[in-house]
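# Working through the structure, step by step
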Amino acid sequence: MQQFWKTAFFCASLMGAVATAHAASSTPAQAPPPNGYQAFFDHLSTEPLRYAAISSHNGKRLLVGLHPSTEGHVAGELMLLDTTMRPLLTADVEGTAPDLQNGQTGTCQLTTTLKEDSLHLNGPCSRDQISGGLTRTMHPSQLWSQVNSFISPDMSVSAVWLTRAGWNAAITPAPTP
């Protein structure tokens with residue numbers, strides 16, 4: 001009987017891992033913001049704290065703009081661009097951070113809530129850089145999805161390194177060959 005439960009748990013875990021991998025690979029593109037991508041980018045560009053990075057793997061560009069909202073908290077926007085500078089994702093960001101405008105360093109915890117999942121960035125930050133581990137949490141809607149996510153949560157973690165100095169490079173289109 002004990003072997004039966006071990007086998008059942010293994011099968012459930014395996015099905016959860018396959019379903020999670022499939023969901024991660026087939027996440028639909030985010031709908032454009034109501035005021036359009038250009039207006040969203042223009043607002044993002046006026047934030048007092050701007051960070052960016054270009055992926056060395058696939059050339060995608062991640063832009064984050066933040067401003068203090070209350071003491072110890074920040075809010076802002078996030079935009080993901082492909083190699084041709086086409087927007088793939090736009091979303092609001094909020095979280096906790098030291099007083100970055102006055103040069104304090106510490107730990108930042110930023111969250112971006114999307115339609116089907118949330119992205120969490122936790123790590124060290126300062127006026128010049130934000131880095132850390134980027135994790136993803138699914139928002140399951142059906143009971144089986146909730147059970148599946150509990151049995152086999154998405155454990156993927158990506159390392160992210162955003163800098164203020166990388167902003168200009170990230171918003172400049174790559175030269176055409």
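## Some words on the packing of aromatic side chains
Here the structure, examined in full by the defined rule, presents zero aromatic pairs. For arginine 50, the ring lying beneath its charged end belongs to tryptophan 167, and the centroid distance is 5.4 Å.

## Examining the nonpolar core
Membership of the largest hydrophobic core comes to 21 residues, with the highest contact counts inside it found for Tyr51, Leu66, Leu100, Leu110 and Ile130. Non-local contacts of leucine 66, meaning those with residues more than four positions away in its chain, are made with Glu47, Pro48, Leu49, Tyr51, Val74, Ala75, Gly76, Val93, Leu110 and Ile130. With eight residues, the next largest nonpolar core counts Ala52, Leu63, Trp167 and Ala170 among its residues.

## What to know about the state of the cysteines
Under the defined criterion, the tally for this structure stands at one disulfide. Here cysteine 108 pairs with cysteine 125 through a disulfide, and the sulfurs are 1.9 Å apart. The sign of the S-S torsion, about 85°, decides the handedness of the disulfide formed by cysteine 108 and cysteine 125: right-handed. On the criterion of sequence distance, the pair formed by cysteine 108 in strand 5 (residues 106-113) and cysteine 125 in strand 6 (residues 117-125) is long-range, its members being 17 residues apart. Each member of the pair, cysteine 108 together with cysteine 125, is buried.

## Observations concerning the confidence of the model for the protein chain
Per-residue confidence for the protein chain gives a mean pLDDT of 79; residues scoring 70 or more make up 72%. Here residues 1-28 is modelled with pLDDT under 50, and outside its nearest four sequence neighbours on either side it reaches 16 contacts, counting other chains as well.

## Considering the pattern of salt bridges
For the structure on display, the rule yields two salt bridges. Ionic pairing is found between arginine 86 and aspartate 82, a salt bridge with its closest N-O pair at 2.9 Å. Put simply, aspartate 117 and arginine 136 hold a salt bridge, and the shortest N to O gap is 2.6 Å. You can see aspartate 117 sitting in strand 6 and its partner arginine 136 sitting in strand 7 (residues 129-138), a full 19 residues away along the chain. For arginine 136, a relative accessible area of 13% translates into the label buried.

## Focus on the environment of valine 160
Relative to the elements of secondary structure, valine 160 occurs in strand 8 (residues 157-163). The class for valine 160 is buried, based on a relative accessible area of 12%. Through-space distance from the C-alpha of valine 160 to that of leucine 62 is 9.6 Å; in sequence the pair is 98 residues apart. Those residues within four positions of valine 160 in sequence are excluded, and the remaining contacts are Leu62, Leu121, Ile130, Ser131, Gly132 and Leu134.

## Some remarks on the pairing of strand 1 (residues 49-54)
Sheet analysis places strand 1 next to strand 2 (residues 61-70), joined by six bridges and oriented antiparallel. Bridge pairing in strand 2 places leucine 49 opposite leucine 66. Between strand 1 and strand 2, which pair antiparallel one after the other, the connecting turn spans six residues, and glycine 59 there sits at a positive phi close to 75°.

## Focus: the pairing of strand 5
In this sheet, strand 5 lies alongside strand 4 (residues 87-96) in antiparallel orientation, the contact comprising three bridges. Bridge pairing in strand 5 places threonine 96 opposite glutamine 109. In this structure, strand 5 lies alongside strand 6, joined through eight bridges in antiparallel fashion. Among the inter-strand pairings, glycine 106 is bridged to a residue of strand 6, identified as cysteine 125. In this antiparallel pair of consecutive strands, strand 5 and strand 6, the connection spans three residues.

## Concerning the side chain of aspartate 82
Mapped onto the elements of the fold, aspartate 82 is located in the loop between strand 3 (73-81) and strand 4. Within the structure, the side chain of aspartate 82 is placed 2.8 Å from the backbone nitrogen of arginine 86, a separation counted as a polar contact. The contacts of aspartate 82, once residues within four sequence positions are left out, are Gly59, Lys60, Arg61 and Leu88.

The rules behind each value
Residues numbered from 1 in each chain as written. Predicted model: local features only at pLDDT ≥ 70, side-chain atom pairs only at ≥ 80, totals over all residues. Heavy atoms only, no water. Phe/Tyr/Trp six-rings, centres within 6.5 Å; stacked < 30°, edge-to-face > 60°. Lys NZ or Arg CZ within 6 Å of the ring centre and 35° of its normal. Core = buried A, V, L, I, M, F, W, Y, C linked by side-chain atoms within 4.5 Å. Buried < 20%, exposed > 50% of the residue type's maximum accessible area, 1.4 Å probe, protein only. Contact = heavy atoms within 4.5 Å. Disulfide = S-S within 2.5 Å. Helix = DSSP H or I, 4+ residues; strand = E, 2+ residues; numbered from the N terminus. pLDDT = per-residue confidence, 0-100. Salt bridge = Lys/Arg side-chain N within 4 Å of Asp/Glu carboxyl O. Pairing = 2+ DSSP bridges. Polar contact = N/O pair within 3.5 Å; in protein donor to acceptor, adjacent residues only side chain to side chain.

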